[in-house]
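Structural description and commentary
Next come the chains, spelled out residue by residue.
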Amino acid sequence: TASWMDQIGTLDPRIHLMREPDRRWAYLKADLEAHLEAFQPALVVLDHLGYVYWYPQRRDGNRAYEIGEILRELKELLRRHQAAAVVVCQLSRAVEGRKSARPVLADLRESGEIEQEADAIGFLWAEPKDLHRAEIPCWLSFEKNRLGPRGEIPMTFYQATQAFRERELEEP
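Quick caveat: nothing in here was measured; it's all calculated off a predicted structure.

Cut-offs and rules
Residues numbered from 1 in each chain as written. Predicted model: local features only at pLDDT ≥ 70, side-chain atom pairs only at ≥ 80, totals over all residues. Heavy atoms only, no water. Core = buried A, V, L, I, M, F, W, Y, C linked by side-chain atoms within 4.5 Å. Buried < 20%, exposed > 50% of the residue type's maximum accessible area, 1.4 Å probe, protein only. Helix = DSSP H or I, 4+ residues; strand = E, 2+ residues; numbered from the N terminus. Contact = heavy atoms within 4.5 Å. Pairing = 2+ DSSP bridges. 1 Å grid on protein atoms, 1.4 Å probe; cavity = no way out; pocket = protein on both sides within 12 Å on 5 of 7 lines; lining within 4 Å. Points joined across faces, edges and corners; volume = space filled by probe spheres on them. Nonpolar A, V, L, I, M, F, W, Y, C, P; charged D, E, K, R; others polar. Expected span 1.5 Å × (residues − 1). Arc of directions from axis to C-beta. Salt bridge = Lys/Arg side-chain N within 4 Å of Asp/Glu carboxyl O.

So, about the nonpolar core. Side chains that are nonpolar tend, in soluble globular proteins, to be buried together. Counting 24 residues, the largest nonpolar core has Leu36, Leu49, Ile114 and Ile121 as the members making the most contacts within it. Taken together, the elements giving at least two residues each to this core come down to helix H2 (25–39), strand E1 (43–47), helix H3 (63–80) and strand E3 (120–125). Top contributing element to this core by residue count: H3, with 6 residues. Aside from chain neighbours lying at most four places away, what touches Ile114 is Leu49, Ile67, Leu71, Cys89, Leu108, Arg109 and Ile121.

As structure tokens, then:
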């Protein structure tokens, strides 16, 4: 039987999953550009930025600069094709040492470059004490938004269906 990754592409040809082990930015960029030209998707999801690398690697080993270059080129490519992107990034471990699990911009790895290039930065998060529940209260927090307001959206994650839904806040 075909894998779910093979089957999902048959649902909608605009959905393109890149499974190739080559994660060099130049290769990914060329593949993405061909897909953008062929199908004009409105949204691209890059999961995740930490796996993409510049080749050949910079001699000074400056990963933050590489991330900045990748994001600048991605942003320009998407602008030319009138598409948007969700770029998944890893947080540093600093959030684990705080009372609240709510992430802040400084928790992003290579945060300076990501902050500089992103139009909006949102964090999907929950308190660790709730992670065992079937319905996990969580939040989508926008810490940066050049195109609109910042703030939090209360959500619930339903483990059984792997779905998120917006929820109403309880009055104190």
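With 8 bridges joining them, strand E4 (residues 135–145) and strand E5 (residues 151–158) adopt antiparallel strand pairing. The partner of Trp139 across the bridge, within E5, is Pro154. The hairpin turn running from E4 into E5, its antiparallel successor, is 5 residues long. Both E5 and strand E6 (residues 163–166) contribute to a ladder of 4 bridges, which runs antiparallel. The partner of Met155 across the bridge, within E6, is Glu166. Hairpin connection between E5 and E6: a loop of 4 residues separates the two successive antiparallel strands, and Gln162 in this loop has a positive phi of roughly 55°.

This part covers the environment of Glu135. Relative to the helices and strands, Glu135 is located in strand E4. When the C-alpha atoms of Glu135 and Gln162 are compared, they prove to be 10.0 Å apart, with 27 residues separating the residues in sequence. Not counting residues within four places of it along the chain, the set of residues in contact with Glu135 comprises Thr156, Phe157 and Tyr158.

Turning our eyes to something else, we now look at the layout of surface pockets. By volume, the largest pocket is sized at about 1100 Å³. Forming the walls of the largest pocket are 39 residues, and the residues nearest its centre are Val86, Val87, Ala120, Ile121 and Gly122. Mapped by element, the contributors of at least two residues to the lining of the largest pocket are H3, strand E2 (84–88), helix H4 (111–117), E3 and E4. No other element matches the 6 residues that E3 contributes to the lining of the largest pocket. A class-by-class count of the residues in the lining of the largest pocket yields 29 nonpolar, 4 polar and 6 charged.

Considering the arrangement of structural elements, one finds Asp130 in the loop between E3 and E4. We classify Asp130 as buried; its relative accessible area is 8%. Sequence-distant contacts of Asp130, defined by excluding residues within four places in its chain, comprise Ile136 and Pro137.

A few words on H2. With 15 residues, H2 extends 21 Å from end C-alpha to end C-alpha; this agrees with the ideal 21 Å at 1.5 Å per step. Of the positions making up H2, those classed as buried are Trp25, Leu28, Leu32, His35 and Leu36. Down the axis, H2 shows its buried residues gathered within 100° of arc, on one side only. Buried residues along H2 sit against E1 and H3. Positive backbone phi, at 45°, marks Gln40, one or two positions downstream of H2.

The next point concerns the pattern of salt bridges. All told, the structure shown has 16 salt bridges when counted by the stated rule. In this structure, Glu33 and Arg80 form a salt bridge, with 2.8 Å as the shortest nitrogen-oxygen distance. With Glu33 in helix H2 and Arg80 in helix H3, this residue pair connects regions lying 47 residues apart in the sequence. Judged by relative accessible area, Arg80 falls into the partly exposed class, the value being 44%. A salt bridge links Glu117 to Arg72, with the shortest nitrogen-to-oxygen separation between them at 3.0 Å. Placement of Glu117 in helix H4 and of Arg72 in helix H3 is noted, with a sequence separation of 45 residues between them. Residues participating in the shared-partner salt-bridge network are Glu33, Glu76, Arg79 and Arg80.

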